[in-house]
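Structural description and commentary
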Number of protein chains: 2
Amino acid sequence: MSNLIEQAKQAQAASYLLNLLTTEQKNKALQAMAEALRANQNELIRANQLDVTAAKAKGIAKPLLDRLELNDKRIKGMADGLRDISSLHDPVGEILDVWTRPNGLTIKKIRVPFGVIAIIYESRPNVTADAIGLCFKTNNAVVLRGGSDAINSNKEIVKVLKKALVDLKLPAEAIQLIESTEREAIGELLQLKQHIDLVIPRGGAGLIKMVEENSLIPVIETGTGNCHVYVDDEADFTKAIKIVLNSKVQRPSVCNAAETLLVHEQIAENFLPLVYEKMCRAGVELRACPKTLKILPDLKAATEDDWSTEYLDLIMAVKVVNNVDEAIAHIRQYGTKHTESIVTEDQKAAEKFCRETDASTVMVNASTRFTDGGEFGFGAEIGISTQKLHARGPMGLREITSYKYIVEGNGQVRE
Amino acid sequence: MSNLIEQAKQAQAASYLLNLLTTEQKNKALQAMAEALRANQNELIRANQLDVTAAKAKGIAKPLLDRLELNDKRIKGMADGLRDISSLHDPVGEILDVWTRPNGLTIKKIRVPFGVIAIIYESRPNVTADAIGLCFKTNNAVVLRGGSDAINSNKEIVKVLKKALVDLKLPAEAIQLIESTEREAIGELLQLKQHIDLVIPRGGAGLIKMVEENSLIPVIETGTGNCHVYVDDEADFTKAIKIVLNSKVQRPSVCNAAETLLVHEQIAENFLPLVYEKMCRAGVELRACPKTLKILPDLKAATEDDWSTEYLDLIMAVKVVNNVDEAIAHIRQYGTKHTESIVTEDQKAAEKFCRETDASTVMVNASTRFTDGGEFGFGAEIGISTQKLHARGPMGLREITSYKYIVEGNGQVRE
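Overview of the structure. All values derive from a computational prediction rather than experimental measurement.

**With respect to the packing of aromatic side chains**
Residue and element names in this part refer to chain A.
- Taken as a whole and judged by the stated rule, the model has 10 aromatic pairs over all chains.
- When the centroid spacing of 6.1 Å and the interplanar angle of 20° are considered together, the rings of Y230 and F353 count as stacked. Taken as a pair, Y230 in strand β7 (residues 227-231) and F353 in helix α14 (residues 347-356) lie far apart in primary sequence, 123 residues in all.
- Note on Y230: relative accessible area 0%, which makes it buried.
- According to the relative accessible area criterion, F353 is buried, its value standing at 0%.
- Judged by centre distance (5.7 Å) and plane angle (75°), the rings of F376 and F378 are edge-to-face. Across this residue pair, the class does not change: F376 and F378 are buried.

**Overview of the relation of the copies chain A and chain B**
- When chain A is fitted to chain B, the best match, at an RMSD of 0.0 Å, comes from turning it 180° and sliding it 0.0 Å along the axis. Taken together, the turn and the small shift mark the pair as related by a two-fold rotation axis. For chain A, the minimum C-alpha distance to the rotation axis belongs to H390(A) and amounts to 1.7 Å.
- Of the interface residues in chain A, 100% have counterparts in chain B that sit at the interface too, so the contact is made through matching surfaces.

**Overview of the sheet that holds strand β4 (residues 141-145) of chain A**
Residues and elements named next belong to chain A.
- Sheet architecture is open: 4 strands sit in the order β5-β4-β3-β6, paired in parallel fashion. Looking at the sheet topology across the chains shown, the edges are occupied by β5 (175-177) and β6 (198-201). The average undirected angle you get between the axes of adjacent strands in this sheet is 15°.
- By the bridge criterion, 3 bridges tie β4 to β5 in an arrangement that is parallel. Across the sheet, V143 pairs through a bridge with Q176, a residue of β5.
- Running at roughly 160° to β4, helix α6 (residues 125-137) makes contact with β3 (116-120), β4 and β5 of the sheet.

**Let's talk about the pattern of salt bridges**
- According to the stated counting rule, one finds 58 salt bridges over all chains in the structure shown.
- D306(A) is paired through a salt bridge with R287(A); the nearest N and O atoms lie 2.9 Å apart. Of the two residues, D306(A) is situated in the loop between β10 (300-301) and β11 (315-321) and R287(A) in strand β9 (residues 285-288); the sequence distance between them amounts to 19 residues. By the burial criterion, D306(A) is buried, and R287(A) matches it.
- In this structure, D80(B) and K76(B) form a salt bridge, with 2.9 Å as the shortest nitrogen-oxygen distance. One end of the pair is D80(B) and the other is K76(B), both in helix α5 (residues 72-87) and 4 residues apart, which spans about a single turn.
- Classification of D80(B) as partly exposed rests on a relative accessible area of 27%.

**Quick notes on the interface of chain A and chain B**
- With 77 residues of chain A at the contact, the number on the chain B side is 77 residues.
- Together, the buried faces of chain A and chain B total about 6,700 Å²; carbon and sulfur atoms form 49% of this surface.
- Sorting the residues of chain A by area buried against chain B places L389(A), Y405(A) and R414(A) first, and these three jointly supply 12% of that buried surface.
- In this structure, the connection of chain A to chain B is made through 8 salt bridges.
- Linking chain A to chain B there are 35 residue pairs in polar contact (both at pLDDT 80 or more).
- Put simply, the parts of the chain that give the side of chain A that touches chain B at least two residues each are β1 (95-100), β2 (106-113), α9 (205-214), α10 (237-249), α14, β13 (361-366), α15 (373-376) and β16 (401-412) of chain A.
- In terms of residue class, the side of chain A that touches chain B is made up of 31 nonpolar, 22 polar and 24 charged.

The rules behind these values
Residues numbered from 1 in each chain as written. Chains lettered and ligands numbered in written order. Predicted model: local features only at pLDDT ≥ 70, side-chain atom pairs only at ≥ 80, totals over all residues. Heavy atoms only, no water. Phe/Tyr/Trp six-rings, centres within 6.5 Å; stacked < 30°, edge-to-face > 60°. Helix = DSSP H or I, 4+ residues; strand = E, 2+ residues; numbered from the N terminus. Buried < 20%, exposed > 50% of the residue type's maximum accessible area, 1.4 Å probe, protein only. Least-squares fit on C-alpha atoms with pLDDT ≥ 70 in both. Contact = heavy atoms within 4.5 Å. Pairing = 2+ DSSP bridges. Axes fitted to C-alpha atoms, helices over the stretch in contact; angles between N-to-C directions. Salt bridge = Lys/Arg side-chain N within 4 Å of Asp/Glu carboxyl O. Buried area = accessible area lost by both parts, 1.4 Å probe. Polar contact = N/O pair within 3.5 Å; in protein donor to acceptor, adjacent residues only side chain to side chain. Nonpolar A, V, L, I, M, F, W, Y, C, P; charged D, E, K, R; others polar.

This is the structure:
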């Protein structure tokens, strides 16, 4: 039998103690955690090598191997990340609103931690440190379930960071790592509604769907991004080409990269060859709708599947649309409500697109790649929410808090 | 086969049109809906009589029958409710935040509708009009599944309100009533994630659990309230007795009524007989912990089940605790995170209780009954959320909105 429920209970008990920590205590602890990572660099790399060797033997894909591997620079990056979090404004305890009712009751809405947050993520050891830092800063206990390929790295990181808390006589049980790498452990975790307040799945569509279908705990979905760039007939071509190119190629493997280009038919004949040339040079394969094929007959034809595929690769679907309305309709049908961008100098078209496109973030004359906690100025992020409940778009510290009302009276009762 | 998916698709299509309505258009329509209810009073009562007759024949409980029945006064109440909603501030389109990044991007966070909201509720026809009004005011389409005992009343209310929209050439498909009274229809509804953005279950614990376990759509839970009043050793007895009594008896059948009284042992001997006398006169049965029994030996002993029971009736469990810490620990174990109240003149005890009690609303020297949209000044409410995600406590108009980010640039791309 697993001791998962025991871990969740320990996290919950620790969350009550965490809730009492001051900003100063939390920041000091985050600094100590950063130092501990640097001081234990050799042990971390040794543990990570076990994972890397096993992953190589298994033959995992190169980008995954790259994400898995730790070195001096990356450990410094993790430590710097924790220091950055310590320097961010502490949102917990903020008074969000306060008002007095005619009967004299004063109602205060204050920001509070969630309590216990479970995070299910890929084999990326740096996420382990980030998630611990963000949750700790917001007085949340955290239950981590990282990808199985990173299990040795994660164990070592958690060991080092818990030790740093113990040294400061702080509740180290606030950090719980699920060591079972069985998929069943996730199913079990998702039942523990009594002890866990929120679950954030990160990773592939399959994992997110599995969590959604099985969780009794409230879920914030992250990350699936079938993002579009729509180039309007009133677009500035120079901006448009820069934006389309950046949205597709600057980092194709991430959720805020664009997957489909929509082009207004009035400009298609002039614009498409320009973008095609740049895309060829960047090694991007374009997949074309029938109207695009008339202009660029050498392209591969897009199939129905292309419109809903998140390539995460140097591939882009291209469709010519009659107008902004058809662009909006296409996005409604195929988008994942992550990020949509319009390139136009026409204020009216921009306003229409902003109002009618249902996405966490709508860009006007900017790359889709800006949907990001760092780029938004949040300092850090735990993921990018693609749902509308609670948190939308980049999730920083505020987004992993809840609120409660404190009502102060003087003996008031209801008539 | 049901046409539920067809209804959800129609609601979604209508939500895009609703999204374009101005505050003025919405308010005018809400007024017209109010007038339509008054103008069709006789038809509404006739339809309601079918429900009432069937319910009587089935022998449903009196309080349920009372909630089901419509009369002139209640229809006027429903119409007034719609007029009240029309006069409330429109939260949609509010700019929640705006800032400019060093690269010149301007990021605006604006309040937007959810899109399509499904509400599953009891056999209370007035909720049908309220839910339609609140959703319409926030540009949300609504899919309603009311209790089967109210089906004829609901059909007639929806018919009248849709007709009012048609007369104004507004998208009446934004209101969808599920006419199937089979429980399976709920299961089917909960799968329609592609077309419904949010589901709000109202009603018994069984329904809420069923929705939670089966929904692919994000859920906001409402209503289960095992609320406590803790009377501290520093309590003012006059306030304490008023508050305990009001929390229990002013309307025992609702979620914000108190179910357990916790009393500090230092004052138990003096306080309990006073509260017992008042409770006897109000017809309340007290169920006592062993320490309480020593003071009031005639009481029935509380069993373990009593501490977690939401009586919704003139019954109250009573427990003597050592101090505020034991009160907090008891609430952590048995509470439902709805409303908890402390009665004390000791500012430190109040602060401790407020900080460490995990509930949507913590009252200091006030009745638990104040956790309510009307009492909070929200003007109306769609339910009281007992979860931490997105919305906590009374849910007014703002709580049935989401937000999106609009990022305005001038050709920015990521380096």
